[in-house]
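# Tertiary structure, described
These are the residues of each chain, in order.
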Amino acid sequence: MTNEDERIQQALGQDDHAFLASLDSDRGLFEQIGDSWKGPLGMWAKFSFAFSVGIGLALAYSFYRVMTAPGGDALMGWGFTCLALLIMQGFVKEWMLARMNMLTVLSEVKRLQVQVALLSEQER
(Lines give C-alpha, C1' and ligand atoms only; values in the text may rest on other atoms or scores of the structure.)
Protein backbone atom coordinates (compact mmCIF):
# COMPACT_ATOMS: atom_id res chain seq x y z
CA MET A 1 0.00 0.00 0.00
CA THR A 2 1.33 3.42 -0.89
CA ASN A 3 1.55 6.43 1.36
CA GLU A 4 -1.26 8.06 -0.59
CA ASP A 5 -3.62 5.14 0.04
CA GLU A 6 -2.90 5.31 3.76
CA ARG A 7 -3.71 9.02 3.83
CA ILE A 8 -7.01 8.43 2.03
CA GLN A 9 -7.98 5.67 4.45
CA GLN A 10 -7.10 7.81 7.48
CA ALA A 11 -9.07 10.74 6.09
CA LEU A 12 -12.19 8.64 5.70
CA GLY A 13 -14.10 8.34 8.90
CA GLN A 14 -17.53 7.40 10.10
CA ASP A 15 -18.87 10.70 8.76
CA ASP A 16 -17.97 9.75 5.21
CA HIS A 17 -19.57 6.33 5.50
CA ALA A 18 -22.71 7.89 7.01
CA PHE A 19 -22.78 10.51 4.24
CA LEU A 20 -22.66 7.82 1.56
CA ALA A 21 -25.29 5.73 3.31
CA SER A 22 -27.65 8.72 3.34
CA LEU A 23 -27.43 9.14 -0.42
CA ASP A 24 -29.69 7.16 -2.70
CA SER A 25 -28.70 6.35 -6.24
CA ASP A 26 -32.07 7.58 -7.56
CA ARG A 27 -32.44 11.03 -6.06
CA GLY A 28 -35.12 13.08 -7.74
CA LEU A 29 -35.12 16.80 -8.46
CA PHE A 30 -36.91 17.80 -5.27
CA GLU A 31 -34.61 15.67 -3.13
CA GLN A 32 -31.59 17.30 -4.75
CA ILE A 33 -33.05 20.76 -4.11
CA GLY A 34 -33.60 19.81 -0.46
CA ASP A 35 -30.03 18.53 -0.20
CA SER A 36 -28.72 21.84 -1.56
CA TRP A 37 -30.43 23.67 1.34
CA LYS A 38 -28.07 22.00 3.81
CA GLY A 39 -24.44 22.69 4.48
CA PRO A 40 -22.38 25.87 4.59
CA LEU A 41 -24.19 27.52 1.65
CA GLY A 42 -27.63 26.32 2.69
CA MET A 43 -28.91 29.75 3.69
CA TRP A 44 -27.80 31.18 0.34
CA ALA A 45 -29.59 28.35 -1.46
CA LYS A 46 -32.78 29.04 0.50
CA PHE A 47 -32.45 32.76 -0.23
CA SER A 48 -31.92 32.17 -3.95
CA PHE A 49 -34.94 29.85 -4.05
CA ALA A 50 -37.14 32.47 -2.39
CA PHE A 51 -35.63 35.14 -4.64
CA SER A 52 -36.42 33.09 -7.76
CA VAL A 53 -40.04 32.66 -6.59
CA GLY A 54 -40.26 36.43 -6.14
CA ILE A 55 -38.77 37.02 -9.57
CA GLY A 56 -41.25 34.54 -11.03
CA LEU A 57 -44.20 36.39 -9.50
CA ALA A 58 -42.84 39.75 -10.69
CA LEU A 59 -42.29 38.25 -14.14
CA ALA A 60 -45.89 37.05 -14.31
CA TYR A 61 -47.13 40.48 -13.25
CA SER A 62 -44.94 42.33 -15.73
CA PHE A 63 -46.05 39.97 -18.51
CA TYR A 64 -49.66 40.70 -17.60
CA ARG A 65 -48.89 44.43 -17.76
CA VAL A 66 -47.28 44.00 -21.20
CA MET A 67 -50.41 42.29 -22.48
CA THR A 68 -52.75 44.93 -21.05
CA ALA A 69 -50.61 48.01 -21.75
CA PRO A 70 -52.25 50.57 -24.04
CA GLY A 71 -49.05 51.00 -26.05
CA GLY A 72 -46.22 53.45 -26.35
CA ASP A 73 -43.82 54.01 -23.49
CA ALA A 74 -45.73 51.82 -21.04
CA LEU A 75 -45.51 48.85 -23.37
CA MET A 76 -41.76 49.35 -23.86
CA GLY A 77 -41.12 49.82 -20.14
CA TRP A 78 -43.00 46.70 -19.09
CA GLY A 79 -41.50 44.77 -21.97
CA PHE A 80 -37.95 45.61 -20.91
CA THR A 81 -38.85 44.86 -17.29
CA CYS A 82 -40.15 41.47 -18.36
CA LEU A 83 -36.96 40.79 -20.31
CA ALA A 84 -34.71 41.86 -17.41
CA LEU A 85 -36.63 39.66 -14.95
CA LEU A 86 -36.40 36.72 -17.32
CA ILE A 87 -32.61 37.12 -17.54
CA MET A 88 -32.34 37.43 -13.75
CA GLN A 89 -34.42 34.28 -13.33
CA GLY A 90 -32.07 32.44 -15.67
CA PHE A 91 -28.97 33.45 -13.70
CA VAL A 92 -30.50 32.45 -10.36
CA LYS A 93 -31.64 29.09 -11.71
CA GLU A 94 -28.19 28.50 -13.22
CA TRP A 95 -26.57 29.06 -9.82
CA MET A 96 -29.02 26.70 -8.14
CA LEU A 97 -28.51 23.95 -10.72
CA ALA A 98 -24.72 24.38 -10.57
CA ARG A 99 -24.87 23.91 -6.79
CA MET A 100 -26.96 20.77 -7.16
CA ASN A 101 -24.49 19.45 -9.74
CA MET A 102 -21.56 20.23 -7.43
CA LEU A 103 -23.18 18.23 -4.62
CA THR A 104 -23.73 15.30 -6.98
CA VAL A 105 -20.08 15.35 -8.04
CA LEU A 106 -19.00 15.62 -4.40
CA SER A 107 -21.03 12.55 -3.48
CA GLU A 108 -19.43 10.59 -6.33
CA VAL A 109 -15.94 11.62 -5.19
CA LYS A 110 -16.77 10.50 -1.66
CA ARG A 111 -18.07 7.21 -3.03
CA LEU A 112 -14.80 6.69 -4.90
CA GLN A 113 -12.79 7.47 -1.78
CA VAL A 114 -14.68 4.81 0.15
CA GLN A 115 -14.19 2.29 -2.65
CA VAL A 116 -10.44 2.97 -2.73
CA ALA A 117 -10.25 2.57 1.05
CA LEU A 118 -12.21 -0.70 0.94
CA LEU A 119 -10.02 -2.06 -1.85
CA SER A 120 -6.87 -1.19 0.05
CA GLU A 121 -8.24 -3.02 3.10
CA GLN A 122 -8.86 -6.12 0.99
CA GLU A 123 -5.26 -6.09 -0.29
CA ARG A 124 -3.85 -6.40 3.22
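Thresholds, definitions, all that
Residues numbered from 1 in each chain as written. Predicted model: local features only at pLDDT ≥ 70, side-chain atom pairs only at ≥ 80, totals over all residues. Heavy atoms only, no water. Helix = DSSP H or I, 4+ residues; strand = E, 2+ residues; numbered from the N terminus. Buried < 20%, exposed > 50% of the residue type's maximum accessible area, 1.4 Å probe, protein only. Polar contact = N/O pair within 3.5 Å; in protein donor to acceptor, adjacent residues only side chain to side chain. Patch = residues over 30% accessible without salt bridge, like charges linked within 9 Å, V, L, I, M, F, W, Y side chains within 5 Å. Areas by Shrake-Rupley, 256 points an atom, 1.4 Å probe, with all protein chains shown as cover. Salt bridge = Lys/Arg side-chain N within 4 Å of Asp/Glu carboxyl O. Core = buried A, V, L, I, M, F, W, Y, C linked by side-chain atoms within 4.5 Å. Contact = heavy atoms within 4.5 Å. Axes fitted to C-alpha atoms, helices over the stretch in contact; angles between N-to-C directions. Parallel < 35°, antiparallel > 145°, perpendicular 65-115°, else oblique. Left-handed = near helix turned anticlockwise from the far one by under 90°. Nonpolar A, V, L, I, M, F, W, Y, C, P; charged D, E, K, R; others polar. Expected span 1.5 Å × (residues − 1).

### So, the environment of Phe47
Relative to the assigned elements, Phe47 resides in helix α4 (residues 42–68). A relative accessible area of 48% means that Phe47 is categorised as partly exposed. Separated by 10 residues in sequence, Phe47 and Trp37 place their C-alpha atoms 9.4 Å apart.

### Observations regarding the side chain of Ser36
Along the chain, Ser36 falls in helix α3 (residues 29–36). Among the residues examined, Ser36 registers a relative accessible area of 5% and is labelled buried. At a separation of 2.6 Å, a polar atom in the side chain of Ser36 contacts the main-chain carbonyl oxygen of Ile33.

### Structural notes on a nonpolar patch on the surface
Together, Leu41, Trp44, Phe47, Phe51, Met88 and Trp95 line one region of the surface with nonpolar side chains, adding up to about 620 Å² of accessible area. Taken together, the elements giving at least two residues each to the nonpolar patch come down to α4 and α5 (73–123). Take the nonpolar patch: its biggest share by element is 3 residues, from α4.

### Considering the nonpolar core
Of all hydrophobic cores here, the largest spans 7 residues; its members are Ile55, Leu59, Val66, Cys82, Leu85, Val92 and Met96. At the level of secondary structure, the elements contributing two or more residues to this core comprise α4 and α5. Considering every element that reaches this core, the biggest residue donor is α5, with 4 residues. Leave out the neighbours within four places in its chain, and Leu85 touches Ile55, Ala58, Leu59 and Ser62.

### Some details on the packing of α4 against α5
Taken N-terminus to C-terminus, the directions of α4 and α5 make an angle of 155°; their axes are 9 Å apart at the nearest point. Of the possible angle classes, the one that applies to α4 and α5 is roughly antiparallel. Note that α4 runs across α5; the crossing there is left-handed. Looking at the contact of α4 with α5 residue by residue, the classes come out as 19 nonpolar, 8 polar and 3 charged.

### A few points about the side chain of Ser48
Structurally, Ser48 can be placed in helix α4. In this structure Ser48 touches Val92, Trp95 and Met96, once residues within four positions along its chain are discounted.

### Here we look at α5
When the terminal C-alpha atoms of α5 are compared, their 75 Å separation across 51 residues agrees well with the 75 Å that a helix rising 1.5 Å per residue should span. Those residues of α5 lying buried are Cys82, Leu85, Gln89, Val92, Met96, Arg99, Met100, Leu103, Ser107, Val114, Ala117 and Ser120.

### A short note on the pattern of salt bridges
Applying the stated criterion across every chain yields a total of 2 salt bridges. Ionic pairing is found between Lys38 and Asp35, a salt bridge with its closest N-O pair at 3.7 Å. A residue is classified by how much of its surface remains accessible, and Lys38, at 55% relative accessible area, is exposed. The partner of Arg111 in a salt bridge is Glu108, and the shortest N-O contact between them spans 3.8 Å. In this pair, Arg111 and Glu108 both sit in helix α5, 3 residues apart, roughly one turn of the helix. By relative accessible area, Arg111 is classed as partly exposed at 27%.

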